[in-house]
Amino acid sequence: MSAAGRVCTGFSKPYIAAYAAAGTTITYSNGTLLARGVSVSIEPETASDDNIFYADNVAAESVGGTFTGGTVTLEVDGLLDAARKLILGLPAAAADGFTAYGDDQSIPYVGIGFVARFMSDGVTSYVPIILAKCRFNEPGLDAATQEGEIDWQTEELEAAILRDDSANHVWKYMGAGQTTEAAAEAKIKTKFNIT
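Here the structure is a predicted model, which is why all the values come from computation and not from measurement.

Trainee: Talk me through the environment of Phe11; I want residue IDs and the actual numbers.
Mentor: Relative to the helices and strands, Phe11 resides in strand 1 (residues 7-22). Note: C-alpha distance between Phe11 and Val115 (104 residues apart in sequence) is 5.8 Å. With sequence-adjacent residues up to four places away left out, Phe11 is seen in contact with Gly37, Val38, Ser39, Val40, Leu74, Glu75, Phe114 and Val115.

In structure tokens form, the structure reads like this:
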């Protein structure tokens, strides 16, 4: 067994899928690639700090805070049209080609999946990670004129992370490390029912 820890060395293949719950049964549908991944940041929130019990003048027991929610921030090259429509609950474009962001927009719950690349003792592995139930915030837009060279402008997306409606109230799934990125991506597609 290697004494080396597992260091994260990459992020790729962000996917999303529509989330639905029938009682405690969770299903995903309409899964699609979100965009090309640049970075991801997950910030869990807990109900309280560690709850420590003291006995014999020392800390004898400790219970960590309970996950209550969180935020995921994804930086991508730019949303694909199908993904934008899904995560923002947008209606179909009108005959003039414009999509209306208005009262008929309904932002749904979605699952978010991606591949994290790790290295341990010189060996690379690809881990599929899924955030079970999320809801995106309306993204902003930053654009700047091109000067002497291209200023690559990415898109930052933020979503709330919630527990799902299953009996176990899952908020995250972390798959076993795969030897290839394609194998990890296939695990996400299977979970999201993408054929």
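Okay, back to it.
Trainee: Explain unusual backbone geometry residue by residue, including any values.
Mentor: Positive phi is not limited to glycine here, since Asp56 has a value of about 50 degrees. Checked against the element boundaries, Asp56 lands in the loop between strand 4 (51-55) and strand 5 (58-63). Of note in the backbone geometry, Asn57 takes a positive phi value of approximately 65 degrees without being a glycine.

Trainee: Give me the lowdown on the pairing of strand 5, citing residues and values where you can.
Mentor: Counted residue by residue, strand 5 has 0 buried out of 6 residues, so it is predominantly exposed. As defined by bridge partners, strand 4 adjoins strand 5 across 5 bridges and the pair is classed as antiparallel. Opposite Tyr54, over in strand 5, you have Ala59 as the bridge partner. The hairpin turn running from strand 4 into strand 5, its antiparallel successor, is 2 residues long, and Asp56 in that turn takes a positive phi close to 50 degrees.

Trainee: Account for the layout of surface pockets, with residues named and values stated.
Mentor: Estimates place the volume of the largest pocket at around 230 Å³. Every residue along the wall of the largest pocket is listed here: Glu75, Asp77, Arg84, Gly140, Leu141, Asp142, Gln153, Thr154, Glu155 and Glu156. Within the lining of the largest pocket, the residues separate by chemical class into 1 nonpolar, 3 polar and 6 charged.

Analysis parameters
- Residues numbered from 1 in each chain as written.
- Predicted model: local features only at pLDDT ≥ 70, side-chain atom pairs only at ≥ 80, totals over all residues.
- Heavy atoms only, no water.
- Helix = DSSP H or I, 4+ residues; strand = E, 2+ residues; numbered from the N terminus.
- Contact = heavy atoms within 4.5 Å.
- Buried < 20%, exposed > 50% of the residue type's maximum accessible area, 1.4 Å probe, protein only.
- Pairing = 2+ DSSP bridges.
- 1 Å grid on protein atoms, 1.4 Å probe; cavity = no way out; pocket = protein on both sides within 12 Å on 5 of 7 lines; lining within 4 Å.
- Points joined across faces, edges and corners; volume = space filled by probe spheres on them.
- Nonpolar A, V, L, I, M, F, W, Y, C, P; charged D, E, K, R; others polar.

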